[in-house]
Amino acid sequence: LLRRATRYPLFLLALCIGVISFMMLLVVPELAAFLKAQNYALPWHSLALFWIAEQFAVLWWLLPVLLAAGAGVAMFMRRHSAGFALWSDGVLLRLPLFGKLLRQRESAVFLHHLALLVGGGVPVLTALGTARGALSNRALQQETERMIAAVTAGEDLASVWQKLPSFGGLIARRAQIGLQTGTLPAQLQQASAECDAAVISASKQLIGALEPALTLLVGALLGWIVLAVLGPLYGALGTLGAGR
């Protein structure tokens, strides 16, 4: 669902980058050279665009290199530094929209495994420790460790769940109902299904937020290019026509 939620926005972003790169590398420099050759007085927004196009022509390779290097360093640090992996996973959980989507997906997987284990007769503490291995986010794994420690110390599972920022609210109420009625596995499966539904809802929300934002960004950039180039171009052509 995460891949499905980000597939089209990423495609749209790549398409936008391709169009803007084509304009900046091939179209704008040619028009800028023509306008400068006519000694036409250019407005500030045209001069700014032409300056950016000049820098882009020289440094266009730098951004992909920096992105690749940053991704490589991040992967290396995540693999060799537990502290960095924990910090970066925590950052992912705090991202707008995406963090909520990731948290709900991880919760659904964790609850599904926990429900199967408890339903199979595995003690709750053992089931919590085993289901923790299904989590891919280390910040959530750390929260699960705190949950296990609190339950081991004698606290109620539902109240412990309520205190955890990523595993609270609805899940805690489901756990409380399950403990009171002896239907904990069924309640955990229901909570897992509700988290899955929340993932679908959050995915739609993420797509709904990214698509208009990217469209507006590209529209603004293309509008700037058109305004900065076509206005002076028509003025220069008009001057040439008057000179004849």
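About the thresholds
Residues numbered from 1 in each chain as written. Predicted model: local features only at pLDDT ≥ 70, side-chain atom pairs only at ≥ 80, totals over all residues. Heavy atoms only, no water. Helix = DSSP H or I, 4+ residues; strand = E, 2+ residues; numbered from the N terminus. Rg over C-alpha atoms; globule rule 2.2 N^0.38 Å. Buried < 20%, exposed > 50% of the residue type's maximum accessible area, 1.4 Å probe, protein only. Contact = heavy atoms within 4.5 Å. Areas by Shrake-Rupley, 256 points an atom, 1.4 Å probe, with all protein chains shown as cover. Lys, Arg positive; Asp, Glu negative; His and termini not counted. Charge placed at Lys NZ, Arg CZ, Asp CG, Glu CD. Core = buried A, V, L, I, M, F, W, Y, C linked by side-chain atoms within 4.5 Å. Salt bridge = Lys/Arg side-chain N within 4 Å of Asp/Glu carboxyl O. pLDDT = per-residue confidence, 0-100. Patch = residues over 30% accessible without salt bridge, like charges linked within 9 Å, V, L, I, M, F, W, Y side chains within 5 Å. Axes fitted to C-alpha atoms, helices over the stretch in contact; angles between N-to-C directions. Parallel < 35°, antiparallel > 145°, perpendicular 65-115°, else oblique. Nonpolar A, V, L, I, M, F, W, Y, C, P; charged D, E, K, R; others polar.

K.L.:
Teacher, can you tell me more about the overall build of the chain here?
P.N.:
Per the secondary structure count, the chain includes ten helices and zero strands. The order of helices and strands in the chain, counted from the N terminus, is α-α-α-α-α-α-α-α-α-α. The globule rule puts the C-alpha radius of gyration for 244 residues at 18 Å, and the 27 Å found for the chain is more than 25% above it. For the chain, the C-alpha atoms occupy an extent of roughly 95 × 35 × 25 Å along the three principal directions. Sorting the 244 residues of the chain into buried and exposed places 33% on the buried side. Put simply, 63% of the contacts in the chain that link residues at least 6 apart link residues at least 24 apart. Accessible surface, the chain: about 14000 Å² in total, of which carbon and sulfur atoms supply 68%. Separation of charge centres in the chain, based on 18 positive and 11 negative side chains, amounts to 3 Å.

K.L.:
Is there a simple way to think about the nonpolar core in this case?
P.N.:
Most often, soluble globular proteins have nonpolar side chains that are buried together. With 30 residues, the main nonpolar core has Phe110, Leu111, Leu114, Leu128, Met147 and Trp161 as its most contacted residues. Contributions of two or more residues to this core are made by helix 5 (98-119), helix 6 (124-132), helix 7 (138-152), helix 8 (157-163), helix 9 (170-181) and helix 10 (184-243). At seven residues, helix 5 tops the list of elements feeding residues into this core. One finds Ile225, Ala228, Val229 and Leu233 within the second-largest nonpolar core, a separate group that totals 14 residues.

K.L.:
How should the pattern of salt bridges be read in this particular structure?
P.N.:
Two side chains of opposite charge can pair, provided their charged atoms sit close to one another. Summed over all chains, the structure comprises four salt bridges. A salt bridge links Asp89 to Arg78; the shortest N-O distance between them is 2.8 Å. Taken as a pair, Asp89 in helix 4 (residues 82-94) and Arg78 in helix 3 (residues 62-80) lie far apart in primary sequence, eleven residues in all. Classification of Arg78 as partly exposed rests on a relative accessible area of 28%. The partner of Arg105 in a salt bridge is Glu106, and the shortest N-O contact between them spans 3.2 Å.

K.L.:
In this structure, what is going on with the environment of Gly120? I would like to understand it.
P.N.:
Position of Gly120 among the secondary structure elements: in the loop between helix 5 and helix 6. The class for Gly120 is exposed, based on a relative accessible area of 64%.

K.L.:
Would you mind showing me how to read the confidence of the model for the chain here?
P.N.:
Predicted confidence across the chain gives a mean pLDDT of 81, with 90% of residues reaching 70 or more. By mean pLDDT, the top-scoring element of the chain is helix 4 (89), and the lowest-scoring one is helix 1 (residues 2-37) (75).

K.L.:
Just checking my understanding: could you explain the side chain of Arg174 for this structure?
P.N.:
By the element assignment, Arg174 lies in helix 9. Note on Arg174: relative accessible area 19%, which makes it buried. Residues within four places of Arg174 in sequence aside, it is in contact with Gln187, Gln190, Ala191 and Glu194.

K.L.:
Please clarify how a nonpolar patch on the surface should be interpreted in this entry.
P.N.:
Taken together, the side chains of Phe22, Leu25, Leu26, Val58, Leu59, Trp60, Trp61, Leu62, Val65 and Leu66 define a hydrophobic patch exposed on the protein surface, amounting to about 950 Å² of accessible area. Those elements that provide at least two residues to the nonpolar patch are helix 1, helix 2 (44-59) and helix 3. As for its placement among the helices and strands, Leu26 is situated in helix 1. Using a relative accessible area of 51% as the deciding quantity, one classes Leu26 as exposed.

K.L.:
How should I be thinking about the packing of helix 4 against helix 7 in this particular structure?
P.N.:
To characterise two packed helices, one gives the angle between the axes of the helices and the distance between these axes. Interhelical geometry of helix 4 versus helix 7 gives an angle of 95° and a closest axis separation of 7 Å. If you check the angle between helix 4 and helix 7, you find them roughly perpendicular. From helix 4, Ala82, Ala85, Leu86, Asp89, Gly90 and Leu93 reach across to helix 7, where they touch Arg138, Ala139, Leu140 and Gln142. Here the contact of helix 4 with helix 7 is composed, by residue class, of six nonpolar, two polar and two charged.

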